[in-house]
Amino acid sequence: MGSAKNTSAPSATDRRERIEEMRRAERARARRGRIAVISVSTVVVAALIGVGAWAVTRGGDSDKGSDDAKPPAKSAGHFTYAKDGVGTWSGKLGRNHVGGKPTYPMNPPVGGDHNQVWMNCNGDVYEKPLANEHAVHSLEHGAVWVTYNDKAPEADVKALAAKVKQTPYMLMSPIADQKDPIMLSAWGHQRTVKSASDPAAAKFFATFVQGEQTPEMGAPCTGGLGQ
């Protein structure tokens, strides 16, 4: 006869060891599950933070180089007049390039945010009103802007036009609603003159055409916008 198989029941010690082994396996599975959840959550949070940061950066970068995105800087202030009649603007004049039609607290404007394209000011005489935002850019380049309304004598208009045509970094145009018949403007400075022959006109031109007030000395007055 062959030997009989051992069919005795497992001992209590064996059962305890088997149960403990199962418990260890269950705890290991639970730890792996928690680690997986934490890892996935960390990746998701990091991705959300990254998307948010990208959106903020993207939004900031979209403003750079975009003229329309920059709001015009406020130019609050007033003119302070010297004994020679030249007014100097007291407020800060913005120099940003902007789109649209910025408003100015003085007429004609003597500075402030402006269009990125300047008016040609190489002795240019314009017979029609100019867009302020282009003319202001010319002032930034050191030009003097001669303006007049319908109260200015025709002889003075012609004489001033002849002077402007002979002088680089000058331009001239009509402004119907300016307060005085003949006005001269440079960046941050302005005055009224009585006539084309007024000595104050020649002095203003000598002082402010490419004068010390020029923010962008040597910048061109050609290659811009013509009428």
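Right, let's walk through the structure included here. Everything numeric here is computed off the predicted structure, so don't read it as measured data.

Counting its secondary structure elements, the protein chain contains 4 helices and 7 strands. Taking all contacts inside the protein chain whose residues are at least 6 apart in sequence as the whole, residues at least 24 apart take part in 66%. If you sum the accessible surface of the protein chain, you get close to 13800 Å²; carbon and sulfur atoms cover 57% of it.

Read across the sheet, 7 strands follow the order E1-E2-E7-E6-E4-E5-E3 without closing on themselves; strand pairing throughout is mixed. Where the open sheet ends on each side, the last strands, each with one partner, are strand E1 (79-81) and strand E3 (122-125). Looking at each pair of strands side by side, their axes are set apart by 20 degrees on average, direction ignored. As paired elements, E3 and strand E5 (residues 170-174) share 3 bridges and run parallel to each other. Bridge pairing links Asn 122 to Met 170 in E5.

On to the state of the cysteines. Counted according to the given criterion, the structure contains 1 disulfide. There is a disulfide in this structure between Cys 121 and Cys 221, and the S-S distance comes to 1.5 Å. Around the S-S axis, the bridge from Cys 121 to Cys 221 shows a dihedral of about -85 degrees and counts as left-handed. One end of the pair, Cys 121, is in the loop between strand E2 (87-89) and E3; the other, Cys 221, is in the segment after helix H4 (199-208), with 100 residues separating them in the sequence. Classification of Cys 121 as buried rests on a relative accessible area of 0%. Classification of Cys 221 by relative accessible area gives buried; the value is 4%.

Here is what the cut-offs are and how they apply
- Residues numbered from 1 in each chain as written.
- Predicted model: local features only at pLDDT ≥ 70, side-chain atom pairs only at ≥ 80, totals over all residues.
- Heavy atoms only, no water.
- Helix = DSSP H or I, 4+ residues; strand = E, 2+ residues; numbered from the N terminus.
- Contact = heavy atoms within 4.5 Å.
- Areas by Shrake-Rupley, 256 points an atom, 1.4 Å probe, with all protein chains shown as cover.
- Pairing = 2+ DSSP bridges.
- Axes fitted to C-alpha atoms, helices over the stretch in contact; angles between N-to-C directions.
- Disulfide = S-S within 2.5 Å.
- Buried < 20%, exposed > 50% of the residue type's maximum accessible area, 1.4 Å probe, protein only.

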